[in-house]
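Chains, contacts and geometry: an overview
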Amino acid sequence: MLKEKLNWRYATKKMDPSKTVPDEKVDAILEAISLAPTSSGLQPFEVIVVKDPDTRAKLSAAAMGQQQLVEGSHVLVFAAWDNYSEERIDSVVAQMAEERGASEMLDDYYSRLKALYLPREERANFEHAVRQAYIALGIALTAAAFEEVDATPMEGFDPEAVDEILGLRARGLRSVLVVPLGYRQEDGDWLVNLKKVRRPRTRFVTEVA
């Protein structure tokens, strides 16, 4: 089943603007994103769901006019924390203590984590947060495939423009990935019927026995 779904999905180039992804399918994708593994369980990013057509048009303009952003019905913007802070880490610890129960081990672990993260340069912490968002992206694309929703991951956009459109910098966030959701329009997509090409396992996997 998983292999079939992953073979079905591709980076859709043309979406059908007459079709809307149902809320329950979007919710399923978002739930999968929330379950993605992240380093120390910090989830150092947020997902902004954009349905408003005018805002999606602005995002398209900031993404070199890529039309999937306006042809699809939803756009997911993955926005990473701009830095780790004591307040952000403490909020994670507080939630864990509330839901799992407080413990000395929990406090000790995150105290050591703060001692490691907080002295680092902002850029290093931001890049670490970005890598966690990419893990969640993989989960999002897989979940979308299971829901038979087309999803096209994009890095080709102006992050500063997207941050301004969505007011992200004021929230301590920076856009790193954009994913339009919709349904493929097969008669207008040059990629839809092309064979999926991947390197053979012998050139892709090295086994150390």
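None of these values were measured; they are calculated from a predicted model. (Residues numbered from 1 in each chain as written. Predicted model: local features only at pLDDT ≥ 70, side-chain atom pairs only at ≥ 80, totals over all residues. Heavy atoms only, no water.)

1. Description of the overall build of the chain
Rule in force here: Secondary structure elements are defined from DSSP: runs of H or I of at least 4 residues count as helices, runs of E of at least 2 residues count as strands, and each element is numbered from the N terminus. With a 1.4 Å probe rolled over the protein chains alone, any residue whose accessible area is under 20% of its type maximum counts as buried; one over 50% counts as exposed, and the rest are partly exposed. In this description, contact between two residues means that some pair of their heavy atoms is separated by no more than 4.5 Å.
Across its full length, the chain holds 9 helices and 4 strands. For the chain, the succession of helices and strands along the chain, N to C, is α-α-β-α-α-β-α-α-α-β-α-β-α. Each of the three principal axes of the chain carries a C-alpha extent, and together these read 60 × 50 × 30 Å. For the chain, the residues scored as buried account for 42% of the 209 residues in total. Long-range pairs, those at least 24 residues apart, make up 81% of the contacts in the chain with a sequence separation of at least 6.

2. Focus: the pattern of salt bridges
The condition that has to hold: For this document, the term salt bridge refers to a Lys or Arg side-chain nitrogen within 4 Å of an Asp or Glu carboxyl oxygen.
Here the structure, examined in full by the defined rule, presents 11 salt bridges. The salt bridge involving lysine 25 is made with glutamate 147; its shortest N-O contact spans 3.5 Å. Residue lysine 25 is found in helix 2 (residues 23-34), and its partner glutamate 147 is found in the loop between helix 7 (122-146) and strand 3 (150-151); the two are separated by 122 residues along the sequence. Across the pair arginine 169 and aspartate 163 runs a salt bridge whose closest N-O atoms are separated by 2.8 Å. We classify aspartate 163 as buried; its relative accessible area is 3%. Overlapping salt bridges bring together Glu86, Asp90 and Lys114 as one network.

3. Section: the layout of surface pockets
So the rule is basically this: Buriedness for pockets is judged along seven lines, at least five of which must meet protein on both sides within 12 Å for an open set on the 1 Å grid over protein atoms alone, while cavities are sets there where a 1.4 Å probe fits but cannot get out, and lining residues have an atom within 4 Å of a point. Grid points are joined across faces, edges and corners, and a volume is the space filled by probe spheres set on the points. The nonpolar class holds Ala, Val, Leu, Ile, Met, Phe, Trp, Tyr, Cys and Pro. Asp, Glu, Lys and Arg form the charged class, and all remaining residues, Gly among them, are polar.
By volume, the largest pocket is sized at about 420 Å³. Surrounding the largest pocket, 17 residues form its lining, Ser34, Gly41, Leu42, Gln43 and Gln95 being those nearest its centre. Broken down by element, the lining of the largest pocket gets its largest block of residues, 7 residues, from helix 5 (residues 86-100). Per-class residue counts for the lining of the largest pocket are 8 nonpolar, 5 polar and 4 charged. In this structure, the second largest pocket encloses a volume near 190 Å³. Here the lining of the second largest pocket is composed, by residue class, of 7 nonpolar, 1 polar and 5 charged.

4. What to know about the packing of aromatic side chains
Both the distance between ring centres and the angle between the ring planes are used here to describe each pair of aromatic rings. The condition that has to hold: Any two rings among Phe, Tyr and Trp, with Trp reduced to its six-membered ring, count as a pair given centres within 6.5 Å; such a pair is stacked if its planes are under 30 degrees apart, edge-to-face if over 60, and tilted if neither.
For the structure on display, the rule yields 4 aromatic pairs. On the numbers, 5.9 Å between centres and 80° between planes, the contact of tryptophan 81 with tyrosine 84 is edge-to-face. The same class applies to tryptophan 81 and to tyrosine 84, which are both buried. Taken together through their ring pairs, the aromatic side chains of Trp81, Tyr84 and Tyr117 make up a single cluster.

5. Focus: the packing of helix 2 against helix 7
Where we set the bar: Fitted lines through C-alpha atoms give the axes, limited to the stretch in contact for helices. The angle between two N-to-C directions lies from 0 to 180 degrees. Any angle that is under 35 degrees is reported as roughly parallel, and any over 145 degrees as roughly antiparallel; angles of 65 to 115 degrees are reported as roughly perpendicular and all others as oblique. Should the near helix be turned counterclockwise from the far one by less than a right angle, the crossing is left-handed, whereas a clockwise turn marks it as right-handed.
At a minimum axis separation of 8 Å, helix 2 and helix 7 run at an interaxial angle of 150°. Judged by the inter-axis angle, helix 2 sits roughly antiparallel to helix 7. Here the hand of the crossing between helix 2 and helix 7 comes out right-handed. Contacts between helix 2 and helix 7 involve Ile29, Ala32 and Ile33 on the former and, on the latter, Ala136, Ile139, Ala140, Ala143 and Ala144. Residues that form the contact of helix 2 with helix 7 fall into these classes: 8 nonpolar, no polar and no charged.

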